[in-house]
Each structure stands twice: as structure tokens, then as C-alpha cells.
Amino acid sequence: MKSLIAQSHSLADPEVQLDIINNQTEKVKRLEKFESKLNDIGLYPLKPTGIEIFQINVGYMCNMTCKHCHVDAGPDREEIMTKETLEYCLEALKHSDIETVDLTGGAPEMNPHFRWFVDEASKLDKHIIVRSNLTILDTRKFEDLPQFMADRGVEITCSLPFYNKRRTDAQRGEGTYDKSMKVLKILNEIGYGKEDTGLELNLVYNPVGAFLPGDQKSLKQQYKDRLWKDHGIVFNDLFTITNLPISRYLNFLVTSGNLDEYMEKLVTSFNPAAAEGVMCRNTISIGWDGTLYDCDFNQMLKMKTEDGSPQHIKDWDLESLNDREIKTNQHCFGCTAGAGSSCGGTTT
Amino acid sequence: MDKKYYDPEDLKKFGDVTEFQKELGDKFFEYYGSVFEEGALTKREKALIALAVAHVIQCPYCIDAYTDETLQEGCSEEQMMEAVHVATAIRGGASLVHGVQMMNKVKKLSM
């Protein structure tokens, strides 16, 4: 499967995406606006609570082309963060007390400077999270990475949209489940996911279709039971993530006739408590070219940080960024539905 | 008037039934809410039971609602279909068990 951008698909254009989730049908048009919901609970304009997580999208290249990918990542995407931009990131990290560096992509491992950057960030004593799709670690070029990451105490947070093969492969491609199980076993063997090793292995659940995630605690227990029973696999935590109506997932919603109902579901499930804890309030997202965004979703919609605040990593200014207004639109309902959604799971 | 007995949009108006009889409607929804809270059975188990019952009573609204609910609760397709088979087995068995009555009657009437 090719990325939307390689297909010259109209939905590769962020403006088209925003127009669809605001105006595609009469029902969508009538839905209350996100800003209005925030205003009702005294949260508008949305402001940061203080940046604690430095999320770097090191490139859109990926070995997979999952049906729901909000990045539209894939083997045909060539955007990759340069060493120079990564150096700007290190410089910013040196001058702030941000403790967590969250590496995402694409497949972050495919950035040619990945190992060097992890080493440098480790020297700064930062807690490093790598968002892995698991299957990349089953390729020859990257098979030594699990041990490399273990040696540096890197947390691995990996995608596994369901505990069975049918649904996992439906979303991420045939063969994904079997490869993922193989890699999870390898990670377990070197200590990941096991008590007292300090090597955190977390899984990410996201719905395979047009429905919301259920209770995180209950799903975690189901994953624990099934993965142990079926494969002898253990892990630390499970994060449930709601699919946001952008990019490839938006394409699915439109082509399957689910857009109206899904948008309505997101809006009617708005939870003020989840809104309080949205991840854009404590996270900054850095794009592959160094551009700053409020979150990885805004990055894909090319919604830069507010005018007047730093918009590129080389202009890093924590104080100014902590004082900015966060940009929002209708896709943000995805982070505030039900128990809330973030890269770290529910927000309530 | 639309010439349809069932309209998926009507499911969203379920709460409006209190318009014609508020007191009983409110009592029903309070009871309904309590039934589906986590208790001796998990919400997931209750959603699977509801899905099975929805098929027995052939309620399209309930089938839609509890298909969505069971998916949300993390049930797999196999689990959902097995729940429907449990309902079908009971429903089929309920007919078949009356075959004993028929057999008794046949034996009584026959030489």
C-alpha cells in the first residue's frame, strides 16, 4: 500500500482534511465546535500546564503502511530529521529540565542518526521512550536494537492494536501479528516487561475500526491474560488511544460511510476532565524539519505553534512556549472523548 | 410519515421516551444504568450477554448498540459470534425440548 501522498490523494492535503471534519456533511457542520466546548468549561484559549515531554518525530519513513496511520507514514516517505536538527534538539534539552524524550515517526529506528541521538540523550540523563511498531525490530538491519535500547534503559512503547491476529493484521498488514509476537518474546528474553529489570515495555491499543476504546484497565487485563496464555508474553502497561479523524483514518471514515457517526460520537463523548489533561498541555512536538507543533496530530495537519511563539527548534524558548495558546480544531475531540486519549493512554 | 419501522437514528432518541411518561421512563433508565455498571459481572461480560439477548429478541437497535459496546470492551469477533451462538442454542433448544412433549403425546396416542 502506498501513502496518501504517494497516491496524490486529495486527503494528503491538511486543508482538505480540516474542511472534511468541519464541513463534509450537514450533520458534521451542525456539530458543536471544539473551541466552544472548551469555552463552556473555562479552558479556552487552551494553555500549556508546562512542557514536560519533548516528543520528536524523527521522520515519516516507515517499513509499514497501516490503515489508520495519522502520519501517513510508509516506505515511500523520505522526510527524515537531519543530524543538525537533532543537535538543535539536544541543545534545547540541555537548557531545560524536561525529563522525558519521546521518539516517534514513522519508524523512529529508521532515522540514520537514531543510535547516536539515543546515546547523546542518555548522557543528558533523560528518560527516553521509543515508539516502535515492533516489526522493524524483526529486520536484519535492526535486530541488535533491542539490546542497544536495553543497555541504555530506553522505554519501548509499541503498537499492538489487538491481542489477536485477525484484527492486528487487518489494521497493520498481513503477518504483523506473528512478527510482533516474535519480537515481544525477544524483548522479554532480554528483560523488557519483566518486574525488577527496570526495562519498561508498554503496549498501545487503538480500535480497529470506527469505535472508541473501552476501559483501559479492563483491556490491559485482557491483553495480559491472552498474551500470556497464547504466547507466554509479559508487558508492563497498556495505553488505549482513540483514533483521531485525520489522514488515513479519516480516509477510512469517509470511504466506509462512518464519518458522520464517528464525529458525532467524539463530540457527544466530550469529557471536561479529559480536556483538562490533554497531552498538548505538557508536551511539545518537534517535526522532522525542526518545526514546532502542539502535538503530533497538529504536526500532520501542519498547524504550527502559535504565531509569536517559537516555531522552530533552533529558536527554543521554554518560557515563551509555556505561555503560548494551543491551536485546536475538530480533530481535538479525539483526545477528549470518554476517558481521554494521549500517547500515554487515558488522561483521566 | 417515513415508511420504515426501524430507523438507526431513532436509537439516539431512546431517551426521549420520558417525554410521554417521565416518572416511569426515569425509573427505567436509572435501573438500566445500574444494571450495566460493573458488579459481580464485568461490563464486558454484561455487554456480551446483552449482545446475545439482543439477537434473541431481534432488536436491531440493541444489536447495533451492543455490537459497538462489545467492540469497545475489547471483545473479539469470535467471542461476539460465540455469544450469538449461545443465544441461538438456547433459542433452538427451547423449541427442540418441546419435542419431548410431542413425543410423549405421540406415544400416548399410538398403539
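Everything below is about the structure printed above this text.
Quick notes on the rules
- Residues numbered from 1 in each chain as written.
- Chains lettered and ligands numbered in written order.
- Predicted model: local features only at pLDDT ≥ 70, side-chain atom pairs only at ≥ 80, totals over all residues.
- Heavy atoms only, no water.
- Helix = DSSP H or I, 4+ residues; strand = E, 2+ residues; numbered from the N terminus.
- Expected span 1.5 Å × (residues − 1).
- Contact = heavy atoms within 4.5 Å.
- Salt bridge = Lys/Arg side-chain N within 4 Å of Asp/Glu carboxyl O.
- Buried < 20%, exposed > 50% of the residue type's maximum accessible area, 1.4 Å probe, protein only.
- 1 Å grid on protein atoms, 1.4 Å probe; cavity = no way out; pocket = protein on both sides within 12 Å on 5 of 7 lines; lining within 4 Å.
- Points joined across faces, edges and corners; volume = space filled by probe spheres on them.
- Nonpolar A, V, L, I, M, F, W, Y, C, P; charged D, E, K, R; others polar.
- Buried area = accessible area lost by both parts, 1.4 Å probe.
- Polar contact = N/O pair within 3.5 Å; in protein donor to acceptor, adjacent residues only side chain to side chain.

Enquirer: Teacher, can you tell me more about helix 9 (residues 216–231) of chain A here?
Expert: Helical geometry note: an α-helix holds 3.6 residues per turn, so side chains three or four residues apart project in the same direction. Its 16 residues give helix 9 of chain A an end-to-end C-alpha distance of 21 Å, which sits within 8% of 22 Å, the value for a rise of 1.5 Å per residue. Elements that come into contact with the buried residues of helix 9 of chain A comprise helix 8 (176–189), strand 5 (201–205) and strand 6 (237–240) of chain A together with helix 2 (43–56) and helix 3 (60–72) of chain B.

Enquirer: What's the story with the pattern of salt bridges in this structure? I'm lost.
Expert: When charged atoms on two side chains of opposite charge get close, those side chains can pair. By the definition in use, this model includes 29 salt bridges over all chains. The closest approach of N and O atoms between B:Lys12 and B:Glu9, which form a salt bridge, is 2.9 Å. Under the relative-accessibility criterion, B:Lys12 is labelled partly exposed at 42%. Between B:Lys27 and B:Glu23 there is a salt bridge, with its nearest N and O atoms 3.5 Å apart. On the criterion of helical spacing, the pair formed by B:Lys27 and B:Glu23 is a turn pair, its members being four residues apart in helix 1 (residues 22–35). On the accessibility criterion, B:Glu23 (53% relative accessible area) is exposed. Shared partners join several salt bridges into a network, and the residues in it are A:Lys27, A:Glu264, B:Glu9 and B:Lys12.

Enquirer: What is the right way to look at empty space enclosed by the protein in this model?
Expert: If a probe the size of a water molecule is rolled over the atoms, the empty space left behind becomes visible. Residue and element names in this part refer to chain A. By the definition in use, this model includes two cavities of 30 Å³ or more. Taken together, 34 residues form the lining of the largest cavity, with His68, His70, Thr104, Ser159 and Arg172 sitting closest to its centre. Among the secondary structure elements, those contributing two or more residues to the lining of the largest cavity are strand 3 (127–132), strand 4 (155–159) and helix 13 (296–300). Among the elements that take part in the lining of the largest cavity, strand 4 stands out by supplying three residues, more than any other. In this structure, the second largest cavity occupies an estimated 120 Å³ of space. Along the wall of the second largest cavity there are 16 residues; nearest its centre are Val278, Cys280, Cys295, Cys332 and Cys335. Per-class residue counts for the lining of the second largest cavity are 11 nonpolar, three polar and two charged.

Enquirer: Help me out: how do you make sense of the layout of surface pockets in this one?
Expert: As a volume, the largest pocket reaches approximately 1,600 Å³. Lining the largest pocket we find 48 residues, and of these A:Lys265, B:Ala65, B:Asp68, B:Glu69 and B:Gln72 sit closest to its centre. For the lining of the largest pocket, the secondary structure elements donating two or more residues are helix 11 (259–268) of chain A together with helix 1, helix 2 and helix 3 of chain B. If one sorts the elements of the lining of the largest pocket by residue count, helix 3 of chain B sits on top with 10 residues.

Enquirer: Is there a simple way to think about the interface of chain B and chain A in this case?
Expert: Often, the extent of an interface is quoted as the loss of accessible area upon association of its parts. Residue-level contacts link 13 residues of chain B with 19 residues of chain A. A per-residue breakdown of the area chain B buries against chain A is headed by B:Leu71, B:Gln72 and B:Glu77, which together make up 40% of the total. Between chain B and chain A we count six salt bridges in total. In this structure, the connection of chain B to chain A is made through 10 residue pairs in polar contact (both at pLDDT 80 or more). Partitioned by chemical class, the residues of the side of chain B that touches chain A number two nonpolar, four polar and seven charged.

Enquirer: Explanation requested: the environment of A:Val278 in the structure shown.
Expert: Residues and elements named next belong to chain A. Tracing the backbone through its elements, the reader meets Val278 in the loop between helix 12 (272–276) and strand 7 (283–286). A residue is classified by how much of its surface remains accessible, and Val278, at 7% relative accessible area, is buried. Note: C-alpha distance between Val278 and Gly340 (62 residues apart in sequence) is 7.4 Å. When sequence neighbours within four positions are dropped, the list of residues in contact with Val278 reads Leu46, Cys335 and Thr336.

Remember that the coordinates give geometry; whether it matters functionally is a separate question.
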